[in-house]
Structure formats: C-alpha cells, structure tokens
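# Chain and residue survey
So the chains spell out like this:
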Amino acid sequence: MGATMNRLNAVKRRISDLRRDTSGLAMVEFALALPMFLSASLVGAEVANFTLANMRASQIALMVADNAGRVRTSIDESDINEVMIGARLAGEGIGLGANGRIILSSVEPNGQTAPNTGQMIRWQRCFGAKNVSSSFGAAGDGVSDASLVNGVGPAGRKISAMNGAAVMFVELVYTYRPVVSAALLGGQKTFTYTAAYTVRERASNTLSNLGALPNSQKRLCTTYSAT
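This report concerns the structure included in the present document.

Rules behind the numbers
Residues numbered from 1 in each chain as written. Predicted model: local features only at pLDDT ≥ 70, side-chain atom pairs only at ≥ 80, totals over all residues. Heavy atoms only, no water. Helix = DSSP H or I, 4+ residues; strand = E, 2+ residues; numbered from the N terminus. Contact = heavy atoms within 4.5 Å. Areas by Shrake-Rupley, 256 points an atom, 1.4 Å probe, with all protein chains shown as cover. Pairing = 2+ DSSP bridges. Axes fitted to C-alpha atoms, helices over the stretch in contact; angles between N-to-C directions. Disulfide = S-S within 2.5 Å. Buried < 20%, exposed > 50% of the residue type's maximum accessible area, 1.4 Å probe, protein only. Polar contact = N/O pair within 3.5 Å; in protein donor to acceptor, adjacent residues only side chain to side chain. Salt bridge = Lys/Arg side-chain N within 4 Å of Asp/Glu carboxyl O. Core = buried A, V, L, I, M, F, W, Y, C linked by side-chain atoms within 4.5 Å. Patch = residues over 30% accessible without salt bridge, like charges linked within 9 Å, V, L, I, M, F, W, Y side chains within 5 Å.

Attention now moves to the overall build of the chain. Check the secondary structure of the chain and you find 4 helices and 6 strands. Each helix and strand of the chain, ordered N terminal to C terminal, gives the series α-α-β-α-α-β-β-β-β-β. The long-range share in the chain, meaning contacts at least 24 apart out of those at least 6 apart in sequence, stands at 73%. Within the structure as shown, the chain displays about 12700 Å² of accessible surface, and the carbon and sulfur contribution to it stands at 57%.

With that settled, the discussion passes to the sheet that holds strand 3 (residues 119-127). Read from one edge to the other, the open sheet built from 4 strands follows the order 3-2-4-5, with strand pairing classed as antiparallel. Every interior strand has two partners, whereas the edge strands, strand 3 and strand 5 (190-198), have only one. Going across the sheet, the axis of each strand differs from the next one's by a mean of 20°, ignoring polarity.

Let us now look at the state of the cysteines. The final tally for this structure, using the stated rule, is 1 disulfide. Covalent S-S linkage joins Cys126 and Cys221, the inter-sulfur distance amounting to 2.0 Å. Across the S-S bond of Cys126 and Cys221 the torsion is about 85°, and the bridge reads as right-handed. One end of the pair, Cys126, is in strand 3; the other, Cys221, is in the segment after strand 6 (202-208), and 95 residues separate them in sequence. With relative accessibility at 22%, the residue Cys221 sits in the partly exposed group.

On to the environment of Ser105. Mapped onto the fold, Ser105 is located in strand 2 (residues 100-109). Between the C-alpha atoms of Ser105 and Ala65, which are 40 residues apart in sequence, the distance is 9.2 Å. Sequence-distant contacts of Ser105, defined by excluding residues within four places in its chain, comprise Ile121, Trp123, Gln124, Val167, Met168 and Phe169. Here the side chain of Ser105 touches Gln124 through a polar contact of 2.7 Å, side chain to side chain.

Quick look at the pattern of salt bridges now. Taken as a whole and judged by the stated rule, the model has 6 salt bridges. Across the pair Glu92 and Arg88 runs a salt bridge whose closest N-O atoms are separated by 3.7 Å. In this structure, a network of salt bridges that share partners links the residues Asp66, Arg70 and Arg200.

Moving on: the side chain of Ser106. Within the fold, Ser106 resides in strand 2. Side-chain polar atoms of Ser106 contact the side chain of Glu108, separated by 2.9 Å.

By secondary structure assignment, the location of Ser58 is in helix 2 (residues 25-70). Overall, Ser58 belongs to the partly exposed group, its relative accessible area being 24%. Ser58 sits 133 residues away from Phe191 along the chain, and the two C-alpha atoms are 10.0 Å apart.

Counting 30 residues, the largest nonpolar core has Val64, Ile102, Leu104, Leu172 and Tyr174 as the members making the most contacts within it. The element that contributes the greatest number of residues to this core is helix 2, accounting for 7 residues. Setting aside its immediate chain neighbours within four residues, Val64 contacts Val83, Ala87, Ile102, Leu104 and Val170.

Turning our eyes to something else, we now look at a nonpolar patch on the surface. The grouping of Leu42, Val43, Val47, Val179, Val180 and Leu184 at the surface amounts to a nonpolar patch, some 430 Å² of accessible area in total. Among the secondary structure elements, Val180 is positioned in the loop between strand 4 (167-175) and strand 5. Judged by relative accessible area, which is 42%, Val180 ranks as partly exposed.

For strand 3, a buried count of 8 out of 9 residues is recorded, marking the element as mostly surrounded by other parts of the structure. Here strand 2 runs beside strand 3; their pairing, made up of 7 bridges, is antiparallel. Looking at the pairing, Ile103 lines up with Cys126 of strand 3.

Bear in mind that shape data such as this cannot, by itself, settle questions of function.
Okay, structure coming up:
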C-alpha cells in the first residue's frame, strides 16, 4: 500500500512539474503562428510584385508612345523595330514579351470634309505573344468616314490629333505572371494601359521601309512573338 501511494505521489509531482514547465512554450507558440506568418508573407510578396508589374507596364506604355513620337522628319519600319526592342528589354523582368501585347497606332486627322470629318489610324504595329487586338480600332479605320470622329481611347478619355499632326497612341495588355500563385490575388489578372504622345517635328507620318525589311522583321499586328 505504501509503495502504491509513493508511486501516486510521484505521478502527482510529475504532473505538477509539467504544469509549471514553460521551457517549450515559445516553440509551441512559434509553431502555431508559423502558418499565419508564412501566409501573410506570401500574400505580401505577391501583392508587392503585382504592384511593381503594374507600374512597370504603365511606364513601358508611356515609353513606347514617347519614343515613337520622338522620331523626327519621317518614320520607318526600322524605327518601329528599335522602339519595340526597347520595350522588350524594359519588360523582360515581368515577362512582357510572352505575356503581353503592345499595339502602337498612328492617329491623325483623316482630311475628309463633312460629314466624314474625323480621325483615322494611318498605320498600326505590334509586339508581344499575347493574342489580342486593339480595343479602339485597326489600321485604316476612319480613313474615309467619321467612324473615329471623337478619336481613339477609352470612353471619356479619347485622344485626337490636331490638323497637320499625329499622335502615337499605345495600348499595352498584360497578363500578370505570379511569383507564387495567382490564387493569392483571387485569380489570374490581366490589365490594360494606354498612353499617347504627340509627334514632334515630323514632316511625314507615312510609315516607310527604306531598309527593305522583310515582313518577318516588321512588327506587323498579324505576328505574335515574344521577341
């Protein structure tokens, strides 16, 4: 009987010691908090990358419109090629070539008399593997009619060129490439940016091909390539 009581008392003392033992408390708390910490970290990293990709895409759209507008005297297929190569290099970090599309349009007055007076898209060139077309018109639209009488662009923010001038209008469509998972942002995200710059000191807005570039090297909108 005495031995039994001694064992029972030893068990009680052991239980009491366990109750007072806090040596593993921090480890237990860390193990419980780790899943929430990792989840918050992953979501934070994805949101930060998404924000950066949005900003980069917006800047590239502005850069393409600006660079195309800076070509003076006349504009050639080789000039367009250089502009698009610059966009490809600037967008490498977000995979723009494989996941996006840049559409560059030359918007000008169509020179028609009423009731056909309006804007036209003289020419259009593209870069990127994403299979999308312009939301605002194709090359040749508005040349002989008033279909683009208010210009091109989103509703309420349409762009028109002044008489004797041209506007380099850019659409950039990009499907976000996640670093972790698109599910952290609620699914796949595709966004569009537009930008426009007036042409500076250009005598002719007709797109020439003085270097005789073959169609395979032109930035035709019927070609879809990441390079």
